[in-house]
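Okay, here's what each chain looks like letter by letter:
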Amino acid sequence: MAEVRVERLTKRYGSATAVDELDLTVRDGEFLTLLGPSGCGKTTTLRCIAGLEEPDAGTVSIGGRVMSASERKLFVRPERRDIGMVFQSYALWPHMTVSANVAYPLKLRRVPSAERDRRVGEMLELVGLAEFAGRSATSLSGGQQQRVAVARALVSAPRVLLFDEPLSNLDTRLRATMGAELRAIHARTGTTSICVTHDQTEALTLSDRVVVMRDGRVEQAGTPEEIFVTPRTRFVAHFVGFDAALPGRVVELDGGMAYVRIDGTDRVVRCRPGSDLPLDAAVDLMLRSSAVSVQPAEHDDGALNRVPGVVVDRAFQGETVQFTLDVAGHRLLAQVPSHATGGQAEAGRIDEGPVEVVLPEAGAFAFLAEHRAHAAERPAAPVGPTGLPLPADDLGLPTTLGGDPR
Amino acid sequence: MNAAASEARLPSLRRLPPPALVALTVVVLVLFGLPIVMLLAGAFRSAPPGSAGQWTFSAVAAVYSDADTYRTLGNSVVLSASQHLVGIALGVFFAWIVARTNTPLRRLITPMMVVVFAIPNLFVAISYGLLAGSPNGLVNDLAVDLLGGRPRVVVDVYSWWGLIFVSSLKVVPVMYLLLLGPVLALNRSLEEAAVMAGSGRARTFLRIQLPLLAPVLSGLAVLGFVVGLGLLDTPLILGVPADIYVFPSRIYSYLAGGTSPRYAEASALSLLLVALILLLVLARARFLGGRDFTTLTGKSYSSERWDIGAWKWACSAAIVVFAFFALVLPAGQLLVGSLQPIFGVSDKYNLDNYRTLLEDSTAVGAIGNTLLIGVVGGFVATTLALFVAYAARRSRSRLRRLPELSVWLVVAFPGIVLGLGTVWAYLSIPVLRQLYGSLWIVLIALVVFISPTAGRAIDGAVVQIDRELEEAARISGASATRTLIGVVARLIAPAFLATWFVTGVAVAGNLDVSILLSGPGNQTVPVLTYNYYSQNGQTEQAAALLCILMAIVAALFVVGRGLYALVGAVLAHRRRRKDRPQWPADVGTGRGRRAEVIAGG
Ligand SMILES: Nc1ncnc2c1ncn2[C@@H]1O[C@H](COP(=O)(O)OP(=O)(O)OP(=O)(O)O)[C@@H](O)[C@H]1O
Ligand SMILES: [Mg+2]
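Everything numeric in this text was worked out from a predicted model, so none of it was measured. (Residues numbered from 1 in each chain as written. Chains lettered and ligands numbered in written order. Predicted model: local features only at pLDDT ≥ 70, side-chain atom pairs only at ≥ 80, totals over all residues. Heavy atoms only, no water.)

## What about the overall build of chain B?
Right, on to step 1. When helices and strands are counted, chain B shows 24 helices and 1 strand.
Right, on to step 2. Taken over 601 residues, chain B has a buried fraction of 52%.
Right, on to step 3. Long-range contacts, defined as pairs at least 24 residues apart, comprise 76% of the intrachain contacts of chain B with a sequence gap of at least 6.
Right, on to step 4. Surface summary for chain B: the accessible area is close to 26500 Å², and the carbon and sulfur share equals 66%. (Helix = DSSP H or I, 4+ residues; strand = E, 2+ residues; numbered from the N terminus. Buried < 20%, exposed > 50% of the residue type's maximum accessible area, 1.4 Å probe, protein only. Contact = heavy atoms within 4.5 Å. Areas by Shrake-Rupley, 256 points an atom, 1.4 Å probe, with all protein chains shown as cover.)

Written as structure tokens, this is what we have:
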């Protein structure tokens, strides 16, 4: 067991920086997930920890031992780091049987063959593949291969386990069971584990702590609940499913809450500030579409967190009804439980036309707008030919967010 | 910190390439770069290699202003172009038979082509020289029997037609093996759509399939043409007696023709040839976008074959005819010739020629040398190719592509030119001069010559090894070396063995490179055979020697296959007992691999 500490880790490929002065601590016995969009440097970070890449700067230490410190030209080769890794392709050796694959790390550690056989047997038992021991490793199905890879990574009782997108090659159903199995194995062995994924559900269900990465840096770290419930940046919010946004301006700050007037209206929304906000700051109000509800317009009395809107489109989706709304020229999505699930009766009634949109208080966050100048020129999001809004491109696409703070 | 002991200090790893890579680069540069550079310099020297001389333009001026040079150029172009036209046409034809028709004998084509491919040019050329070059050969015997009259040369293979015919026989299998993949991979639905639209089958082939193959065909044509420009053996044996000179035989005649060898002139002519080849290779890369047409998938389609009706008998006949001319006739003539104490006298057959050879220390020595060269040379070339390919694929140093590039440059240097460059390099440099006249220099030159071929085959295999397989071994606790041996070597073994065999055979049968390097002390079978055939008029012994060479190759193949199967069986047995690793699948029987091996040559 060991703590993994990464300090100011930097890795460049040519002129591109894949990992940029990244700091990260994984506590002893913790299951930590690196989450982030494609290309944000998750794999690179993992490979630097494994010793498969040599960092350009920074230090990596495992269990208090420095593994690489570029400034001191110090580098421990991967085979000396005492780690286990499950590769995305599983990387089972095709010229070996299942049990030979699992036995290999022990063989390299010169474990006597009787002991070796016993531990391989135990491991295969653990992953439920005992009867496949003599089969050729690559003749197994994807899920089975993955379990062999897990067994191979675990067999030498390494101090740290690394996973690179362990579930991405599996189908949805297998993904859920394997995820649960990984969790169970971790609970049993208690090995410090780092897992890379770009799937938020996977990250939330697997891990003790999630680190959201962006452009080679840590954007936010916290428990799955913290990340999911209280994102601290707009990027994280978007990444964990805050899929609706409205532009506004801070009109009052009081008791830890912010009051934001939605642009183009005189309505004020009481919400939580995503970070420190100055008065009169231009902000984006971020919400989950499932937290937005819709009422018939007659209730409208100008109260807090209620804004008038117009239904542009209504799509029945089984358990929910998705409304595409126009709020003062801004597109907003609302997922309302349908009458099928005993949800709001209104969802069955409301059709086209003016409505009152109810915005949540706890589930709405105001983040400093990064594209205000841009957004001001273009009050409404473009609407596609079917009347559905095109994806709002000032929302979370990381490339457009690197933003100059004009 | 107590862990400091096991922390490796890195000598500024980012700037300095790893020592193994530096060593590899130096070895490759010396092996491959030196002959090229020395050849270049040699064209401007007034004296032969190893003697004092001045820098001069006289040789270059003389050669480049000689009308003969341009006649030679014309001959080279005509010969190479014509043999490849025939080769490609027949190659497509046979590939189409295999891929699409219900011709009864189609399954024989691939094994036949592989055998024809494996037989050295020298074998076929000498055999045809015997068959149809003298009044005593089988062909003229038969012709005289039919026509009557006294023994004479009715069909003369020492002519343009003979030269083109015999050269083409050896080009067909190369083209066939390279084209089989693309023809198999042709999109069948396009063809079916055409047939549905009412197009006839023959028409579909000409209108739909040939155009689809056009890029592949044009790429192969250029490549084959370039290779054809550099071949010495057949033009030397069949062309020179008819006074038909192409580049390689002209280079050879500068060195062996007159009273004293004219090295500078030979080098100047070589440079012209190399320049021409480089130009064509670059033009091909430019116009065809450097596409590699030989990376074939071994995918086979098991859909319906065309029933070509009575034509299938015509196609079968074509297969038989080709086998007869490319295989049966030359092999038969050599066998018959080797058993005749006096060539062409057909009333007495015995083993006298073999007895004489085996009592002659020169011949026995040559056989030993050739075996050594084949086995060791093939192994060294394959190993070198593996390191070069591995470095190019896995290293992150800036140096990593240099060895690969040097190896590729050799492609532009035909055998005789490389032999000449080797002479320059190893005679001019004092330390290396000691190697001259020894078997080692022949070995080195042949390794250099065959390396691009080996490289092509091995690179394909290295590419297929997923990098994560190696990384998984590192993480499991294996050092880099251990990973190379325990994982990479095991995965590459089948390709390695196949490449070793193919390059070994190619090296053992090579005349082009060794003809300038091998003398009385370090003779190889091809060179000795050529000497017997051309100079001493000991045709019978030339035939016997070739038969021995082929017998040895066949024996090695059988023994090698057997050993491989045995090792596989033993390992499989151990695995059954102990759950041990299994032996990788069969030695490269995939068409793709074989084709790639060939494409380098
Ligand atoms: N070997 C390499 N050479 C050059 N650039 C690389 C290399 N490996 C990664 N990169 C670049 O570094 C950046 C980070 O890559 P990395 O593989 O760490 O991303 P990731 O977060 O794992 O993405 P994904 O979710 O798609 O796997 C990317 O921009 C990528 O293009
Ligand atoms: Mg990745």
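## Some points on empty space enclosed by the protein
One water molecule sets the probe size; rolling that probe over the atoms shows where empty space is left.
Right, on to step 1. Summed over the entire model, instances satisfying the criterion amount to 3 cavities of 30 Å³ or more.
Right, on to step 2. Taken as a whole, the largest cavity encloses approximately 80 Å³ of empty space.
Right, on to step 3. Along its surface, the largest cavity is lined by A:Ile83, A:Gly84, A:Met85, A:Phe87, A:Pro105, A:Arg109, A:Arg152, A:Ala153, A:Ser156, B:Ala472, B:Ile475 and B:Ser476.
Right, on to step 4. The set of elements that each furnish at least two residues to the lining of the largest cavity consists of strand S7 (83-86) and helix H4 (142-154) of chain A together with helix H20 (467-476) of chain B.
Right, on to step 5. The class makeup of the residues in the lining of the largest cavity is 7 nonpolar, 3 polar and 2 charged. (1 Å grid on protein atoms, 1.4 Å probe; cavity = no way out; pocket = protein on both sides within 12 Å on 5 of 7 lines; lining within 4 Å. Points joined across faces, edges and corners; volume = space filled by probe spheres on them. Nonpolar A, V, L, I, M, F, W, Y, C, P; charged D, E, K, R; others polar.)

## Looking at the domain arrangement of chain A
All names here are of chain A.
Right, on to step 1. According to the domain assignment, chain A consists of domain 1 (4-229) and domain 2 (235-395).
Right, on to step 2. Measuring from the centre of the C-alpha atoms in domain 1 to the corresponding centre in domain 2 gives 39 Å.
Right, on to step 3. At the interface, 13 residues of domain 1 touch 9 residues of domain 2.
Right, on to step 4. Of the roughly 930 Å² buried between domain 1 and domain 2 on both sides combined, carbon and sulfur atoms contribute 69%.
Right, on to step 5. The interface formed by domain 1 and domain 2 includes 0 salt bridges. (Domains from an automatic or database assignment. Buried area = accessible area lost by both parts, 1.4 Å probe. Salt bridge = Lys/Arg side-chain N within 4 Å of Asp/Glu carboxyl O.)

## A word on the packing of aromatic side chains
Right, on to step 1. A complete count under the given rule lists 16 aromatic pairs over all chains for this structure.
Right, on to step 2. Ring geometry for B:Phe501 and B:Phe557: centres 5.0 Å apart, planes at 50°, overall tilted. Taken as a pair, B:Phe501 in helix H21 (residues 480-508) and B:Phe557 in helix H23 (residues 539-578) lie far apart in primary sequence, 56 residues in all.
Right, on to step 3. Under the relative-accessibility criterion, B:Phe557 is labelled partly exposed at 38%.
Right, on to step 4. Clustering of aromatic rings is evident, with ring pairs tying together B:Tyr128, B:Phe165, B:Phe324 and B:Phe325.
Right, on to step 5. One residue, A:Arg288, lies across the ring of A:Phe228, its end atom 3.8 Å from the ring centre.
Right, on to step 6. A cation sits over an aromatic face here: B:Arg250 above B:Tyr254, 5.9 Å from the ring centre. (Phe/Tyr/Trp six-rings, centres within 6.5 Å; stacked < 30°, edge-to-face > 60°. Lys NZ or Arg CZ within 6 Å of the ring centre and 35° of its normal.)

## A few points about the site of ligand 1
Residue and element names in this part refer to chain A.
Right, on to step 1. Lining the immediate environment of ligand 1, one finds Tyr 13, Ala 18, Ser 38, Gly 39, Cys 40, Gly 41, Lys 42, Thr 43, Thr 44, Glu 165 and His 198.
Right, on to step 2. A distance of 3.0 Å is found between an oxygen atom of ligand 1 and a backbone nitrogen or oxygen belonging to Gly 41.
Right, on to step 3. Thr 43 is positioned with one of its side-chain polar atoms (N or O) 2.5 Å from an oxygen atom of ligand 1.
Right, on to step 4. When ligand 1 is considered free in solution it has 630 Å² of accessible area, and contact with the protein chains removes 57% of it.
Right, on to step 5. A per-element tally of the shell around ligand 1 places helix H1 (residues 42-50) first, with 3 residues.
Right, on to step 6. When the residues that make up the shell around ligand 1 are grouped by side-chain class, the tally is 3 nonpolar, 6 polar and 2 charged. (Near = heavy atom within 4 Å. Polar contact = N/O pair within 3.5 Å; in protein donor to acceptor, adjacent residues only side chain to side chain.)

## Re the sheet that holds strand S11 (residues 217-222) of chain A
Residues and elements named next belong to chain A.
Right, on to step 1. Pairing is mixed in the open sheet, where 6 strands are placed in the order S7-S8-S9-S3-S10-S11. Each end of this open sheet is capped by a strand with a single partner; those strands are S7 and S11. Strand after strand, the sheet turns through a mean of 20° between neighbouring axes, direction not considered.
Right, on to step 2. Across 4 bridges, strand S3 (residues 31-35) lies against strand S10 (residues 209-214) in parallel orientation. Bridge assignment links Leu 32 to a residue of S10, and that residue is Arg 209.
Right, on to step 3. Against the sheet, H4 engages S7 and strand S8 (160-164), with an angle of about 170° to S7. (Pairing = 2+ DSSP bridges. Axes fitted to C-alpha atoms, helices over the stretch in contact; angles between N-to-C directions.)

## Here's the deal with unusual backbone geometry
Only a minority of non-glycine residues have a phi that is not negative, and only a minority of peptide bonds are not trans.
Residue and element names in this part refer to chain A.
Right, on to step 1. Of note in this structure, Ala 157 is not a glycine but carries a positive phi near 45°.
Right, on to step 2. With respect to the element layout, Ala 157 can be found in the loop between H4 and S8.
Right, on to step 3. Here the phi dihedral of Asn 305 falls at roughly 60°; this positive angle occurs in a residue that is not glycine.
Right, on to step 4. For Asn 305, the position within the fold is in the loop between strand S16 (293-296) and strand S17 (306-316).

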